[in-house]
Amino acid sequence: MGTPFLYKAWVAASTAILPIAGRQSMAKLRRAGVEPSRAREKLGHASQPRPDGTLIWFHAASVGESLSVLALIDRMGRALPQAHFLITSGTATSARLVGSRLPPRTRHQFAPLDAPGPLKRFLIHWRPDAALFVESELWPQMLHRTHARGTAMALINARLSQRSIARWQKQPAMAGFLFGVFDLILTQNDAMARAMATINAPTDRVAPGINLKSMAGPLPQDDETVARARTALGGRPVWIASSTHPGEEKSVLEAHRQLLERFPNLCLILVPRHPERGDEVAGLIASIGLTHGRRTRGDMPQEQVFLADTLGELGTWYALSEIVFLGGSLHPIGGHNPYEVAQAGAMVLSGTHVTNFAETYAEMETAGAARLIAGTQDLADRVADLLTDDVARTNCVAAAEDYAAAQTDKLDSIAERLITALGLRKGPPDA
């Protein structure tokens, strides 16, 4: 297959804009508190040495995608005890969160820009034996140049929007050129596997897999903070609304106001998806007439609402309740990861807009580990039922824990399939 014109045009354009794009990209990281030596990773300048032996590279986009592969790396690391792993991502937030949860023999770098110079430096330094790209991270030069040096490659957790699929269908030559680099393409579900066949992907290398975000490792929790929060609560009943988006907090707070009429001591722990919206959400809480504390002020949950407006502490708050409403689902956002909640020993309440995790929710609903709700009143009624019926709540939590435990074998199977497809057991021995 010849090189498509679109690819040649992208190479030329990326070369021309690299000076500007490089400065902007590094400046953005510096504003987020990233030290200069690490910001230069965007230009392919590694800040760590390459370990000897087999190196398996995972490239993800941001927080969710990066965290989704940690459990897979852990499984592959157990099967390949001499291998080392590299995760690349693009944001300062992903670097902080992934950096605090790296599996053994794993390191993180910022992904190089998709331009000739940064990619050459990156690939010459790291020399990956295998490269796994997550979801829709399809940077043309990154894929082509990695493939050109003989690296075994896979696309995992593949997910494309309907708009992206339509665009690729109009560019079959470019689609075949890029998707043809992969030795294996594992999609999130059967429907996406079928869709890949319509965009000139190599059908003999496409197979349905699992949604890796549904199998990320347990969220970390700070035992000291959990203990302090429990002391502050003094045995009060608690429910949690996490990963909420604009428009959802109002529904959650209205439901909580109704619940307070029946459960005057009830505490809501409200965790916005984006902590920088803390002031906005605090104003909304006050406007509804509820008292609140804020994590960013150093408060503990003592008021009617505790606004957990920090990043990276979700696992700590999940430890405080067996009832969790998961946001991104009352409006057509697509939902967030219910598996994290199940792993924390809680059941999931969610709106109906959960297309990003449709299969997971269907399985969890069937198992009795999750329940989809229709709106504010339904949310209030369901939380009230769980607060008053200890047997029902205990059964739901047990179902959630059983569901989480049952996913281990699936992840082991995916890890083994990737190891085989990428020929990793034939890789060079560790020095």
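Residues numbered from 1 in each chain as written. Predicted model: local features only at pLDDT ≥ 70, side-chain atom pairs only at ≥ 80, totals over all residues. Heavy atoms only, no water.

### Topic: the nonpolar core
Okay, step 1: Among the nonpolar cores identified, the biggest contains 35 residues, and Phe179 and Phe182 are the most heavily contacted of them.
Okay, step 2: It is helix α9 (residues 172–179) that provides the largest number of residues to this core, a total of five residues.
Okay, step 3: Excluding its chain neighbours within four sequence positions, the residues that come into contact with Phe182 are Phe133, Leu138, Leu143, Met153, Ala154, Leu155 and Arg205. (Core = buried A, V, L, I, M, F, W, Y, C linked by side-chain atoms within 4.5 Å. Buried < 20%, exposed > 50% of the residue type's maximum accessible area, 1.4 Å probe, protein only. Helix = DSSP H or I, 4+ residues; strand = E, 2+ residues; numbered from the N terminus. Contact = heavy atoms within 4.5 Å.)

### Some points on the confidence of the model for the protein
Any residue range with low pLDDT should be treated as having predicted coordinates unsuitable for detailed reading.
Okay, step 1: Scored by pLDDT, the protein has a mean of 92; 97% of the residues are at 70 or more.
Okay, step 2: Every residue in residues 427–431 is under pLDDT 50, and counting partners more than four places away or in other chains gives 11 contacts. (pLDDT = per-residue confidence, 0-100.)

### Description of the environment of Val397
Okay, step 1: Following the sequence through the fold, Val397 ends up in helix α18 (residues 390–406).
Okay, step 2: Val397 sits in the buried class, given a relative accessible area of 6%.
Okay, step 3: Sequence separation between Val397 and Met347 is 50 residues, and the spatial gap between their C-alpha atoms is 5.2 Å.
Okay, step 4: Each residue touching Val397, except ones within four places of it in the same chain, is listed here: Glu322, Gly345, Ala346 and Met347.

### What to know about the sheet that holds strand β6 (residues 184–187)
Okay, step 1: Taken together, the seven strands give an open sheet; going across it, the order is β3-β2-β1-β4-β5-β6-β7, and neighbouring strands pair in parallel fashion. With one partner strand each, in any of the chains shown, β3 (106–110) and β7 (206–208) form the two edges of the open sheet. When strand polarity is set aside, the average angle formed by the axes of neighbouring strands in this sheet is 20°.
Okay, step 2: Packed on one face of the sheet, helix α7 (residues 140–148) meets β1 (55–59), β4 (130–134) and β5 (152–158) and runs near 160° to β4.
Okay, step 3: Packing against the sheet, helix α19 (residues 408–421) makes contact with β4, β5, β6 and β7, and its axis sits at approximately 160° to β6. (Pairing = 2+ DSSP bridges. Axes fitted to C-alpha atoms, helices over the stretch in contact; angles between N-to-C directions.)

### Quick notes on empty space enclosed by the protein
Okay, step 1: Per the counting criterion, the structure on display carries one cavity of 30 Å³ or more.
Okay, step 2: Within this model, the largest cavity holds a volume of roughly 40 Å³.
Okay, step 3: Every residue lining the largest cavity is listed: Leu72, Ile156, Asn157, Leu186, Gly209, Ile210, Leu212, Ile414 and Leu418.
Okay, step 4: Mapped onto the lining of the largest cavity, the elements with two or more residues apiece are β5 and α19.
Okay, step 5: Considering only residue class, the lining of the largest cavity consists of seven nonpolar, two polar and no charged. (1 Å grid on protein atoms, 1.4 Å probe; cavity = no way out; pocket = protein on both sides within 12 Å on 5 of 7 lines; lining within 4 Å. Points joined across faces, edges and corners; volume = space filled by probe spheres on them. Nonpolar A, V, L, I, M, F, W, Y, C, P; charged D, E, K, R; others polar.)

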